[in-house]
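Observations on the three-dimensional arrangement
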Amino acid sequence: MLNRCLMPGSWALLVAGLLIGPWPVSLSAEGLSPVALRTEWLQNPLGIDSPSPRLSWKLESSLRAQRQTGYRVLVASSKQALEANSGDLWDTGKVASDETIGRAYEGKPLGSGQLCFWKVKVWDQAGQESEWSETASWSMGLLDPRDWKAVWISVRDKTPLHRDRDQLHLPPARHYRKEFGLPKAVRRATIYASSLGLHELYLNGRRVGDALLEPGWSDYAKRVYYRTHDVTGLVRAGTNAIGGIVADGWYAGYVGYGLLVGYGPYRTGRSIYGKTPALCAQLEVEFEDGTRSWVGTDATWKVTDQGPIREADLIMGETFDSRAELTGWAEAGFDDRQWAPCIRAEGNGSVRAIFSDTMGDREVDLGFRAPPVLQSYPAPAIRVTQELPAIQLMKPNPGVYIFDFGQNFAGVARLKLRGVRGTKVQIRYGELLHPDGRLMTENLRKARATDYYILKGDPAGEVWTPRFTYHGFQYVEISGVPVRPELQDAVGLVMHNDTPLAATFSCSDPVLSKFWTNALWTQRANFVEVPTDCPQRDERLGWMGDAQIYARTASFNADVAAFFTKWLDDVAEAQRSFGAYPDYAPYPMSHGEPRKSFGTAWMDAGIICPWTMWKVYGDKRLVDRQWKSMSRFMEFRMAASSKHLGLSIGNTWGDWLNLGEETPIEFIDTCYAAHTSALMAELAEATGRDVEASNYRRWFGEVRAAFLKHYGLPRGGLKVDTQTAYVLALAFELLPEDQRKAAADRLAEKIAKNGHRMATGFLGTKWLLPVLTAHGHHDLALRLFQSRDFPSWGYEVINGATTVWERWDSYTKEEGFGRHNAAMNSFSHYSFGAVCEWAFRSLAGIDTDGPAYKQIVIRPGPGKGDLDPQAKSAPIDRVDATYNSIRGPIRSSWHRDGSVFSLNLTVPANATATVYFPARDEASISEGGHPVDQSEGVRVLRREGDRVVMTVGSGEYQFQSR
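About the cut-offs
- Residues numbered from 1 in each chain as written.
- Predicted model: local features only at pLDDT ≥ 70, side-chain atom pairs only at ≥ 80, totals over all residues.
- Heavy atoms only, no water.
- Helix = DSSP H or I, 4+ residues; strand = E, 2+ residues; numbered from the N terminus.
- Rg over C-alpha atoms; globule rule 2.2 N^0.38 Å.
- Buried < 20%, exposed > 50% of the residue type's maximum accessible area, 1.4 Å probe, protein only.
- Contact = heavy atoms within 4.5 Å.
- Lys, Arg positive; Asp, Glu negative; His and termini not counted.
- Charge placed at Lys NZ, Arg CZ, Asp CG, Glu CD.
- Expected span 1.5 Å × (residues − 1).
- Arc of directions from axis to C-beta.
- Phe/Tyr/Trp six-rings, centres within 6.5 Å; stacked < 30°, edge-to-face > 60°.
- Lys NZ or Arg CZ within 6 Å of the ring centre and 35° of its normal.
- Pairing = 2+ DSSP bridges.
- Axes fitted to C-alpha atoms, helices over the stretch in contact; angles between N-to-C directions.
- Parallel < 35°, antiparallel > 145°, perpendicular 65-115°, else oblique.
- Left-handed = near helix turned anticlockwise from the far one by under 90°.
- Nonpolar A, V, L, I, M, F, W, Y, C, P; charged D, E, K, R; others polar.
- Disulfide = S-S within 2.5 Å.
- Salt bridge = Lys/Arg side-chain N within 4 Å of Asp/Glu carboxyl O.
- Polar contact = N/O pair within 3.5 Å; in protein donor to acceptor, adjacent residues only side chain to side chain.
- Core = buried A, V, L, I, M, F, W, Y, C linked by side-chain atoms within 4.5 Å.
- pLDDT = per-residue confidence, 0-100.

Some points on the overall build of the chain
A tally of helices and strands in the chain yields 17 helices and 50 strands. By the compact-globule yardstick of 30 Å for 962 residues, the chain fits well, its C-alpha radius of gyration being 28 Å. Along the first, second and third principal axes, the C-alpha atoms of the chain reach 85 × 70 × 60 Å. Looking at the chain as a whole, 63% of its 962 residues are labelled buried. Partitioning the contacts of the chain with sequence separation of at least 6, the portion at a separation of at least 24 is 75%. Averaged over its 109 positive side-chain charges, the chain has a centre that lies 2 Å from the centre of its 112 negative ones.

Quick word on helix α11 (residues 690–711)
Its 22 residues place the ends of α11 31 Å apart at the C-alpha level, agreeing with the 32 Å of an ideal helix rising 1.5 Å per residue. Restricting attention to buried positions, one finds in α11 the residues Ala-693, Tyr-696, Trp-699, Phe-700, Val-703, Ala-706, Phe-707 and Tyr-711. Looking straight down α11, one finds its buried side chains confined to an arc of 155°; they lie on one side. Residues of α11 that are exposed and point over 90 degrees away from its buried face: Asp-690, Val-691 and Lys-709.

Some thoughts on the packing of aromatic side chains
Inspection of every chain in the model, using the stated rule, returns 60 aromatic pairs. A network of ring pairs unites the aromatic residues Tyr-257, Tyr-263, Trp-543, Tyr-584, Tyr-587, Trp-653 and Trp-656 as a single cluster. Taking the ring centre of Tyr-266 as reference, the NZ or CZ of Arg-163 above it sits at 4.1 Å.

What to know about the environment of Val-720
Note that Val-720 resides in the loop between α11 and α12 (723–731). When the C-alpha atoms of Val-720 and Ala-65 are compared, they prove to be 50 Å apart, with 655 residues separating the residues in sequence. Every residue in contact with Val-720, bar those within four places of it in the chain, is listed here: Thr-663, Pro-664, Phe-667, Tyr-711, Ala-725 and Tyr-726.

Regarding helix α17 (residues 835–844)
Most of α17 sits out of view: 9 of its 10 residues are buried. Gly-845 sits one or two positions beyond α17 and adopts a positive phi of about 90°.

As for unusual backbone geometry
Here the bond from Glu-214 into Pro-215 is cis, since omega is 5°, no more than 30 degrees from zero. By the element assignment, Pro-215 lies in the loop between β13 (206–207) and β14 (224–230). With an omega dihedral of -5°, the bond running from Phe-790 to Pro-791 counts as a cis peptide bond. Tracing the chain through its elements places Pro-791 in the loop between α15 (778–786) and α16 (793–798). Even without being a glycine, His-644 presents a positive backbone phi close to 70°. Mapped onto the secondary structure, His-644 falls in the loop between α9 (620–639) and α10 (665–686).

What to know about the sheet that holds strand β19 (residues 302–304)
Pairing is antiparallel in the open sheet, where 6 strands are placed in the order β13-β12-β15-β10-β19-β22. The open sheet has two free edges, formed respectively by β13 and β22 (340–341), since each of these has just one partner strand. Across 6 bridges, the pairing between strand β12 (residues 198–203) and strand β15 (residues 238–247) is antiparallel. Pairing of His-199 across the sheet is with Val-246, part of β15.

Considering the packing of helix α6 (residues 544–557) against helix α7 (residues 561–574)
In a pair of packed helices, the angle between the axes and the distance between the axes together describe the arrangement. Relative orientation of the contacting elements α6 and α7 amounts to 160°, with a least axis distance of 13 Å. Here α6 is positioned roughly antiparallel relative to α7, judged by the angle of their axes. In this structure, the crossing between α6 and α7 has a hand that is left-handed. Only Phe-564, Trp-567 and Val-571 of α7 make contact with α6, whose side of the interface consists of Met-544, Ala-547, Ala-551 and Ala-554. In terms of residue class, the contact of α6 with α7 is made up of 7 nonpolar, no polar and no charged.

Describing the pairing of strand β11 (residues 186–196)
β11 sits mainly inside the fold: 10 of its 11 residues count as buried. Bridge analysis of β11 against strand β17 (residues 278–287) gives 10 bridges, and the strand direction is antiparallel. Residue pairing across strands places Leu-196 opposite Ala-278, the latter belonging to β17.

Some details on the state of the cysteines
On inspection of all chains with the given rule, the structure shows 0 disulfides. The structure places no disulfide on Cys-507, whose sulfur is separated from the nearest cysteine sulfur, that of Cys-836, by 10 Å. Cys-671 takes part in no disulfide bond, and the closest cysteine sulfur, belonging to Cys-609, lies 19 Å away.

What to know about the pattern of salt bridges
If the charged atoms of two oppositely charged side chains come close together, the side chains can form a pair. This model, assessed by the stated rule, comprises 70 salt bridges. Residue Arg-223 pairs with Asp-570 through a salt bridge whose shortest N-O separation is 2.9 Å. Taken together, the residues Arg-223 in the loop between β13 and β14 and Asp-570 in helix α7 connect sequence positions 347 residues apart. Overall, Arg-223 belongs to the buried group, its relative accessible area being 6%. Note on Asp-570: relative accessible area 1%, which makes it buried.

A short note on the side chain of Ser-61
Within the secondary structure, Ser-61 is located in the loop between β2 (54–60) and β3 (68–76). Here Ser-61 falls in the buried class, since its relative accessible area comes to 6%. Here the side chain of Ser-61 touches Gly-31 through a polar contact of 2.4 Å, landing on its backbone oxygen.

What to know about the nonpolar core
Ranked by size, the top nonpolar core spans 235 residues in total, and within it Leu-213, Ile-478, Phe-564, Trp-567, Leu-769, Phe-785 and Phe-959 carry the most contacts. Per element, the largest residue contribution to this core is 12 residues, and it comes from α10. With sequence-adjacent residues up to four places away left out, Phe-959 is seen in contact with Phe-901, Ser-902, Leu-903, Leu-905, Phe-917, Ile-925, Ser-926, Glu-927, Val-932, Val-938, Met-950 and Val-952. Membership of the second largest hydrophobic core comes to 27 residues, among which are Ala-189, Val-235, Val-246 and Cys-342.

Focus: the sheet that holds strand β37 (residues 503–507)
Sheets are built from strands paired through backbone hydrogen bonds, the pairs being either parallel or antiparallel. Taken together, the 7 strands give an open sheet; going across it, the order is β37-β42-β43-β44-β50-β46-β47, and neighbouring strands pair in antiparallel fashion. The sheet is open, and its two borders are formed by β37 and β47 (930–931), each paired with just one other strand. Bridging between strand β43 (residues 888–897) and strand β44 (residues 900–907) involves 7 bridges; their strand directions are antiparallel. By the bridge assignment for β44, Ser-893 is matched with Asn-904.

Considerations on the confidence of the model for the chain
Atomic detail in the predicted coordinates should be set aside for any region of low pLDDT. In the predicted model, the chain carries a mean pLDDT of 95, and the fraction of residues at 70 or more is 96%. Low pLDDT, under 50, characterises residues 1–29; the predicted model gives this stretch 77 contacts beyond four residues in sequence or across chains.

Let's talk about the packing of α6 against helix α14 (residues 762–774)
Taken N-terminus to C-terminus, the directions of α6 and α14 make an angle of 5°; their axes are 10 Å apart at the nearest point. Classified by the angle their axes make, α6 and α14 are roughly parallel. Where α6 approaches α14, its residues Asp-546, Gln-548 and Ile-549 are matched on the opposing element by Phe-762, Leu-763 and Lys-766. Looking at the contact of α6 with α14 residue by residue, the classes come out as 3 nonpolar, 1 polar and 2 charged.

With respect to the pairing of strand β20 (residues 309–313)
With 4 of 5 residues buried, β20 is to be regarded as a mostly interior element. Two strands pair when backbone bridges link them, and β20 and strand β21 (residues 317–321) are joined in this way by 4 bridges, in the antiparallel orientation. For Glu-311, the partnering residue across the bridge sits in β21 and is Thr-319. The turn joining β20 and β21, which pair antiparallel and follow one another in sequence, is formed by 3 residues.

A word on the environment of Tyr-202
Among the structural elements, Tyr-202 can be located in strand β12. Sequence separation of Tyr-202 and Ile-245 is 43 residues, and the distance between their C-alpha atoms is 8.4 Å. Ignoring any residue separated from it by four or fewer positions in sequence, one finds Tyr-202 in contact with Arg-207, Val-208, Ala-241, Ile-242, Gly-243, Ile-245, Trp-329, Ala-330 and Arg-467. Looking at Tyr-202, its side chain comes within polar contact range of the side chain of Glu-200, at 2.8 Å. Within polar-contact distance, the side chain of Tyr-202 engages the side chain of Arg-467 at 3.0 Å.

Structural notes on the environment of Pro-372
With respect to the helices and strands, the residue Pro-372 is situated in the loop between β25 (360–365) and β26 (374–376). For the pair Pro-372 and Lys-222, spaced 150 residues apart in sequence, the C-alpha separation works out to 5.9 Å. Leaving out residues up to four positions away in the same chain, Pro-372 has contacts with Ala-221, Lys-222 and Arg-223.

Here's what the structure looks like:
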């Protein structure tokens, strides 16, 4: 199923983790060794625009109970200086500290484009000094707007604005080029580039970098991203050529369901931000003699729209006419006499239009406006991270061929096609097939999701991959080819933001092991620029409710620190003027009830996601940057209540996709008002805002008191008698402690009376198993987790799922797609995958005590081990999970064999763990074959119920009890 990965050090670990087990912890060094150096959460990033970048590292050791007591960081302006141990930019000297995360640079002021090299050494608790780490680096971006000498350029566009909603409008991509001379040998060359739209850059005929869909998505009226690339190896003394291809992208193309429901300019669903894309690029060159020069976009560039990319749209697809290929277009000496001169982008003038959405009709100007902020892109780039060969080739109808890749994913296909010149090949994408073998495309709605390729007639065959689109699919259908393709002619290219894999998970129940891989694939498919709801249909929006539900699971599966840093800027940017966060971010159009742009639990992502990033990564700077925005939201939340009770004043998404138990929005809103208040109190305290912390704690208490008065019943009962009501009340600690067991018992009773089935939707399901486990019903949580009956995670798997579905029964072997409106069936929708958080925290038992895993909790979650006569699977008796935390790898691998319980544990260096180990007493526990009280790094603290509690230092351990 899993094949060659293209990006070492990232998703390459997926293969190792899933096919040969958890990756081993490197224990090559005694004492401590600093490894995995990062700057602003990224490895050797370019174009950092923070004047004080944060530096982080992890620690390795072959010894137990190792901790850092000091460090020294050197930052130098050259590798040579750093190798000579000269920190000519910054030398911290020996700093007494055990911290390894987020050390802010405090050296000499850094200038635009400056290249910085750094390394670190550490001291352990015995005062032993480590060797220096490997060298890491970063470069600065353009820190002052005045550093941008290039101007925005575009094609002269006299075409009328598209108004026909019934006809797709898919303009060609434009090619831009310029030749320039460099008089002497080049030491270093860096290009900074942005676009209103999407771009690819070329220098002397070679593509710049491997990132896709650059520069990214933002609210272009407020901000646009730029990317930085080191292009030293692509330029030379003498004549050079620079080129760029620019497509509509999110700026001018179709966005979301705008076409489906009639949003945007003249209800066409496109040109949401502007009509005509534009390009801004600046090449900075440093010569060997130390002098500098630059080349930037201006009116001397040339442009054409007569290239081979005849259509290019993220949602609708791409059309490529290979007969029109511009051979050598980005090389010096190319004949561009037929190309038009570029214009400054503002030269196209004003473009007035009527923009429609649920906020009403209003006039907008879709002419060029220079974004007031150019911001360096802070997330990992979107890349092709893996290649999937087709596993089957089918021919459902004459002239129609369907490739099956065996896995639903997001990306594009690389195809080899053969035929006579001028043949137009149609390429369609789908997640599933109909029983008769036809491609299932009903759930794409208005997304054409179709590519076309026009052959030039090469007898050896023609290989093509789209550039400015992506699709969600398992199957690719091609038609119109005169020559039958071969199985090896199709390769699936997996695309997503390249967030490094952080976990592996397996257990003795193969269905649940499979579900975790399904969730991982779904996360990959939907972490494309923003955390989208689905990658296949005409939506692909950053839905806030889905993101807040899934954020913690996302952080287990992959390192998403930089990815969420980027998206939370979009969230703050999209905040409504009155303080509410909208339903999704970026926010190109309003959707839902008329003149309502937000919904409870969806808007609360603006607090929950920053809190999650702080909890997992210890990111206080993110909290500080978002604090003003979050405070505005909380002011809105407080004002939008009645006597501290929630109201229904926004969109009523509520407990989306619940199964017959509607929980009132007012109830949910009250719960989330309390929850976000509690989280804000934590964040305020963590960042030294003591007054705010006190105020938010008081607000939480007032909301809880109002909740109990309005919704509470004696002995833990609730007036709203739904599973989700009990789940939220318990999860957010709205019930008095002495009533929580009774409330949890009532929840368990309701589940049992429902045939041991959930009735919860998105909101309730996220918290259901954690609440059951926390309040004495762990075996019920395990039964639900292992269920194969509808609704359940296992039900999807046994019905053939390779990703997480939007609905539990989006497809069944018996009824196909017949249970639901096929147009509302996404087969790649991560929300119900949030159960994986429980799998790591409560089943494997890996959690953090406080922020950033400095203090770790290990609490394995076996059940009683009795086989339920009504269950359809044996109890889980083995779990193996690894998590590469911000501190280093953690492993919890437990196994129960009769009366023997075993735990293999890894605790990263510079961290300690509190282990809650199932055992009757200390005497029954051994470690490494010896009594636990003789084990180095282990100290028994106490007994709690059926657990012995120990504190454990870093290292690897093998515990066993009888």
